[in-house]
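# A structural walkthrough
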Amino acid sequence: WGLAPLWGAAARIVPKHVWENEDPSVFAFNPPIYTGPYTLKESSSSKLYYLWERNPDYWNSATMNPKPTYVMYRQASAVDAAVQEFLAGNLDVAHQGAGFDYLNQQVVESQVETTTRFNFPDPCPRGVYFNCESPTGLFASADGRWAMSHLLDRDAIGKTIWLPESYAATFPWADYESWKAWATPAVMDKYDVSYDTGKAETLLDGIGATKEGDTRSLNGKPLSLRMITPVATNLLEYQIADTFARAIESVGIPVDLRSLPGSAFGDAFTTGDYDLTCHWLCGMQFDPNQLYAGFHSRNYVPVGERANRGGDPGNTRFRNADFDAVVDKLDAADPNDAAARPTFDEGLDLFMQQLPAMPIIQTIYPMMYSTATWRGWPTPENPYTIPASWWQHFLFAIGSLEPANG
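None of these values were measured; they are calculated from a predicted model. (Residues numbered from 1 in each chain as written. Predicted model: local features only at pLDDT ≥ 70, side-chain atom pairs only at ≥ 80, totals over all residues. Heavy atoms only, no water.)

### Considering the sheet that holds strand β5 (residues 115–121)
Strand order in the open sheet formed by three strands is β4-β15-β5, and the pairing between neighbours is antiparallel. Bordering the open sheet on either side are β4 (93–95) and β5, each of which pairs with just one other strand. Adjacent strand axes in the sheet meet at a mean angle of 20°, parallel and antiparallel pairs treated alike. Pairing analysis gives seven bridges linking β5 to strand β15 (residues 364–370), with the strands arranged antiparallel. Bridging across to β15, Phe 118 finds its partner in Met 367. (Pairing = 2+ DSSP bridges. Helix = DSSP H or I, 4+ residues; strand = E, 2+ residues; numbered from the N terminus. Axes fitted to C-alpha atoms, helices over the stretch in contact; angles between N-to-C directions.)

Printed below as a string of structure tokens:
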């Protein structure tokens, strides 16, 4: 049942008897039928919600028998309205990704006792992806990409923009204790991830991005960049992007920063209609090759064609034969085999050397839950599952709830 959550399933098991005589290119599959403990009762394209109802005939109820009869996922409302709904008992889960920011969560916590919290360290650092075939030519070389890294004041961003306060990310995954070991110090110590505009300008000068007056040119053309982010302008990723854009402009490169929520971001990102992004750097789950493999040139398509392989890394148009060779080896490697460790280190070394994407800060999401109706939410003391409602694992949290009144 972990493969059939309410939202965000990576794999969906569907019934053969429903699908076997249907044309999948036109079959609506409405209402959908999956293997999980809830079935879709109703949805609304105008009010923007999905209402799920517990299935009394669920085949695996001996293992998982959720207590909530209904679960509703809906579009986030304005923060003022969300606060009032939480206080009125009409909202059980509040989080920053839905606009219920940390400061307002603190206000609510000061007014009511029926709350619990989990400031969750997300697996995905906030980060940047480069279009390595940007028409500007700036990101065709690792030096152009590293110049951008030196324009990121990671410490300041973590302390002054992100709430709750976060800190710099130097390797491209969360710094969980079990994951830190993949960021071998002997490799990471070779790379300078400092904020240093002087080093950035030296690298730009070195690749021929020369400065005349207040602007830089490359290959005889004035430089300007298009940065995109998938969030609204009032959210933190956009604020990080805006700070980053101002730093890039300080060395003579104008930046057109665009907030592209929804499908607009996907269209621009997958077709290569961007120079760099600012959002989240995901991919690592069990070992780093899950991230590295997305940057393999087998996922390459030219700018203008829609990339459909490799996830977000596949949209970078990154190609490097040495990196491909290491990924090919790691595809067949056992991450638990100590003999494979030098190859994993080689992959990290090449990733940091080439930097097709770069981390900015570790992501800490403030999750607040109401305990007025339900108890048993995941907590830092009992982190039995990922506590974020946008991860498919959240079904485990729903399945663990008990009525607050007993």
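### A closer look at the environment of Trp 280
Looking at the secondary structure, you find Trp 280 in strand β13 (residues 279–280). It is 8.8 Å that separates the C-alpha atoms of Trp 280 and Tyr 129, two residues lying 151 residues apart in sequence. If we skip the residues at most four places from it in the chain, Trp 280 touches Cys 124, Pro 125, Arg 126, Gly 127, Tyr 129, Pro 230, Val 231, Glu 237 and Asp 312. (Contact = heavy atoms within 4.5 Å.)

### A word on the pattern of salt bridges
Evaluation of the coordinates by the stated rule reveals 20 salt bridges. Glu 201 is paired through a salt bridge with Arg 216; the nearest N and O atoms lie 2.6 Å apart. Here the residue Glu 201 occupies a position in helix α8 (residues 197–206), and Arg 216 occupies one in strand β8 (residues 215–218), the gap between them amounting to 15 residues. Taking the relative accessible area as the measure of exposure, Arg 216 reaches 1% and is therefore buried. Through salt bridges with shared partners, one network takes in Glu 201, Asp 205, Lys 211 and Arg 216. (Salt bridge = Lys/Arg side-chain N within 4 Å of Asp/Glu carboxyl O. Buried < 20%, exposed > 50% of the residue type's maximum accessible area, 1.4 Å probe, protein only.)

### As for the packing of helix α4 (residues 142–149) against helix α14 (residues 341–354)
Packing of α4 against α14 brings their axes to within 8 Å, and their N-to-C directions diverge by 80°. Classed by the angle they form, the pair α4 and α14 counts as roughly perpendicular. Residue-level contacts link Ala 142, Arg 145 and Trp 146 of α4 to Met 352, Gln 353 and Gln 354 of α14. When its residues are assigned to classes, the contact of α4 with α14 shows three nonpolar, two polar and one charged. (Parallel < 35°, antiparallel > 145°, perpendicular 65-115°, else oblique. Nonpolar A, V, L, I, M, F, W, Y, C, P; charged D, E, K, R; others polar.)

### With respect to the pairing of strand β2 (residues 49–54)
Alignment of strand β1 (residues 38–44) against β2, held across six bridges, turns out to be antiparallel. If you follow Leu 40 over to β2, its bridge partner there is Trp 52. Hairpin connection, β1 to β2: the antiparallel pair is bridged by four residues, and Leu 48 has positive phi, about 60°.

### Digging into the sheet that holds β1
One open sheet accounts for three strands, arranged β1-β2-β3; its pairing is antiparallel. Single-partner strands in this sheet number two, and they are β1 and β3 (70–74). Geometrically, the sheet is characterised by an average inter-axis angle of 20° between neighbouring strands, direction not taken into account.

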